[in-house]
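Summary of structural features
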Amino acid sequence: MSKLQPVRGTHDLLPDRARAFRRVADAARTVAGRYGYHEMATPIFEFSEVFKRTLGDTSDIVTKEMYTFTDRSGAEVTLRPEGTAGVARAVISGGLAQRMPLKYFYAGPMFRHERPQKGRLRQFHQIGVELLGVGEPVGDVEVIALGAAILEELGVAGQTVLELNTLGNTGSREAYRGVLVDYLEARRAELSEDSVSRLARNPLRILDSKNPGDRAVVAEAPLLGDSLDDQSADFFASVRAGLDRLGIAYTLNPRLVRGLDYYCHTAFEFTTDALGAQGAVIAGGRYDGLVAQMGGPQTAGIGWAGGIERLSMLADEPDPPPRPIALVPVGPEAEAETLALADRLRRAGLVIELGYRGNLKRRLSRADRLDARAAVILGEDELARDVATVRDLDSGDQEEVALSALADRLALFS
RNA sequence: GUGGCUGUAGCUCAGUCGGUUAGAGCGCCUGGUUGUGGUCCAGGAGGUCGGGGGUUCGAAUCCCCUCAGCCACCCCA
């Protein structure tokens, strides 16, 4: 730690990366807007209680991954590990439940103290949407369709598949949980160490264990689908019918689960095999119990979050920034004049770079490195005649242009 | 949190049976043009060999610790 370095698992976003990130967030925001989901932002940190209540005291995120600290007034606060909790808190504290349904989009940094690896950082960035107040399956369909549309817009639809499952309503899930625990307890000796501890805490999670021994046990486990009551089965059938109608392909994955109590019915993930072990690029589900669990009114909810880092690794290259025009003064008089000229041209909407120092050769060389489209050379003799020399840096052609006509002439380059 | 691999110039990397001033390509700077870039030629700057400790006459090279990156587990976006 003696050398100056960024905190583990954090990265500087230099312009190229920043542009790739912005492309993901911008595409998502635009598409979400077409579905009526508008951007909101919650604070980057909340009272720790907000996350403990939504994520549960036993989840890994709460027990070992949160960036929690005491601020100068003694309050225990936490850098948000995910986005839904803050939105739910805002709905309650802002009295927003008066005007349901609520449709929100968000984008921003999240923080989890995990061991970094490909597609996983300690400060990472997510986009997400939340739909509150819609308990009908059409809400699930819309939210999933929105995710699919964003992936399409980003050009990653071909690299991802939609995995879908249902957890059923509370009664169905509790019934299944009992059946599953009974089954797993009977074969406890065959389970991995991790899964034995999950048995008490979060038994559904054992279903998607990667451990070969666990998988063998899970393969013969009772299926959640068999525990669904009529209401749960009908709900899921409606969701599937809606997706079919929209032509959104999916594969059923009965092992796709969410561990937390407030999740119910639909669970889904858009996954890829192009990112190593971090397969999920968008993941979400229905959380009808969340707002009530936080102390608000009973409120249906469904949403998803997507990893910007992961999506940007798959997405098409973002458009390059516009090529600049370089202003190249020769001599002190022209140098002074250039500052005002640059200002005028920028106000006209042009992208202008000033060479800050050096002779003509040096500044042209710099213009070339900046990938400038053209250079405006302004020397004493040009100045005396109120003209400038405009050099096309791609072709090498030069012409003299009256200063009054300069902006219009340069606009032809873009 | 666990395990494996890695860490030499801004970038990509060479260099270890321990031994004189640690190298290359690219990039950067200067000059070849006193008002003309990209190519070419010549020259130059730049490294506490991730950090700390140890072994040794001598460590980039061996040992220990530590930090970071990558990969997998765990967890998840």
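Right, let's walk through the structure included here. Note on numbering: residues in each chain are counted from 1, in written sequence order. Written order decides the labels, with chains lettered from A and ligands numbered from 1. Local features in this predicted model are restricted to residues whose pLDDT is 70 or higher, and side-chain atom pairs enter the listing and the counts only when it is 80 or higher, whereas totals over whole chains, interfaces and linings include all residues. The side-chain values count all of the structure's non-hydrogen atoms but skip hydrogen atoms and water molecules.

1. Considerations on the protein's contact with RNA strand B
What counts here: Proximity is defined per residue: if any heavy atom of the residue lies within 4 Å of a molecule or strand, that residue is considered near it. Between N or O atoms, a polar contact is any pair within 3.5 Å; within protein, one atom must be a potential hydrogen donor and the other a potential acceptor, and residues adjacent in sequence are included only when both atoms are from side chains. Helix and strand assignments come from DSSP, with helices taken as H or I runs of at least 4 residues and strands as E runs of at least 2, each series counted from the N terminus.
As a matter of local geometry, RNA strand B sits amid 49 residues, with Gln5, Lys118, Arg120, Arg198 and Asp381 nearest to it. Residue Gln126 places a side-chain N or O atom 2.8 Å away from a sugar or linking oxygen belonging to RNA strand B. Arg391 is positioned with one of its side-chain polar atoms (N or O) 2.9 Å from a base nitrogen of RNA strand B. Listing elements by their share of the surface near RNA strand B, those giving two or more residues are helix 3 (60-65), strand 6 (123-132), helix 7 (193-201), strand 10 (280-286), strand 11 (301-307), helix 13 (360-369) and helix 14 (380-384).

2. Section: the packing of helix 1 (residues 15-34) against helix 5 (residues 137-153)
Counted only if it meets this: To define axes, lines are fitted to C-alpha atoms, for helices over the stretch in contact only, and angles between the resulting N-to-C directions are given on a 0 to 180 degree scale. Relative orientations are named as follows: roughly parallel for angles under 35 degrees, roughly antiparallel for angles over 145 degrees, roughly perpendicular for angles from 65 to 115 degrees, and oblique for any other angle. Crossing handedness follows the turn of the near helix against the far one: under a right angle anticlockwise gives a left-handed crossing, and clockwise gives a right-handed one. Only heavy atoms enter the contact rule, under which two residues are in contact if any of them lie within 4.5 Å.
Running from N to C, helix 1 and helix 5 cross one another at 135°; their axes reach a closest spacing of 9 Å. As the angle between them shows, helix 1 and helix 5 are arranged oblique. Judged by the sense of rotation from one axis to the other, the crossing of helix 1 with helix 5 is right-handed. Together, Arg23, Ala27, Ala28, Val31, Ala32 and Arg34 of helix 1 and Leu146, Ala149, Ile150 and Glu153 of helix 5 make up the contact between the two elements.

3. Things to note about the sheet that holds strand 4 (residues 76-79)
How we decide: Note on pairing: DSSP must find at least two bridges between two strands before they are called paired.
Read across the sheet, three strands follow the order 2-4-3 without closing on themselves; strand pairing throughout is antiparallel. The two strands at the open ends of the sheet, each matched to only one other strand, are strand 2 (45-47) and strand 3 (67-70). The mean angle between the axes of side-by-side strands here comes to 30°, regardless of whether they run parallel or antiparallel. In this structure, strand 3 lies alongside strand 4, joined through four bridges in antiparallel fashion. Bridge pairing in strand 4 links Tyr67 to Leu79. Along the sheet, helix 2 (residues 48-55) contacts strand 2, strand 3 and strand 4; its crossing angle with strand 2, the most-contacted strand, is approximately 80°.

4. Some remarks on the sheet that holds strand 12 (residues 325-329)
Taking strand neighbours across the sheet as the criterion, the five strands line up as 13-12-14-15-16 in an open arrangement whose pairing is mixed. Every other strand in the sheet has two partners, leaving strand 13 (352-354) and strand 16 (398-402) as the edge strands with one partner each. Averaged over all pairs of adjacent strands, the angle between their axes in this sheet comes to 30°, without regard to strand direction. Packing of helix 12 (residues 332-347) onto the sheet brings it into contact with strand 12, strand 13 and strand 14 (374-378), and relative to strand 13 it is tilted by some 160°. This element, helix 13, spans strand 12, strand 13 and strand 14 of the sheet and lies at about 175° to strand 12.

5. A look at the pairing of strand 15 (residues 387-392)
Formally: For the exposure calls, accessible area comes from a 1.4 Å probe over protein chains only, and a residue counts as buried if that area is under 20% of its type's maximum, exposed if over 50%, partly exposed in between.
Burial of strand 15 is extensive: five of the six residues sit out of reach of the surface. Across four bridges, the pairing between strand 14 and strand 15 is antiparallel. Residue Val376 lies in a different strand from strand 15, and its bridge partner there is Val390. Hairpin connection between strand 15 and strand 16: a loop of five residues separates the two successive antiparallel strands, and Gly396 in this loop has a positive phi of roughly 85°.

6. Let's talk about helix 8 (residues 212-219)
Applied cut-off: Arc, as used here, means the arc of the directions from the helix axis to the C-beta atoms.
Along helix 8, the positions that sit buried rather than exposed are Asp214, Val217 and Val218. Considered in projection along helix 8, the buried side chains sweep an arc of 100° and stay on one side of the axis. Of the exposed residues in helix 8, the ones pointing more than 90 degrees away from its buried face are Pro212 and Ala219. Residues of helix 8 that are buried make contact with helix 6 (170-186) and helix 7. Where helix 8 begins, the capping side chain belongs to Asn211, and its oxygen is found 2.8 Å from the backbone nitrogen of Gly213.

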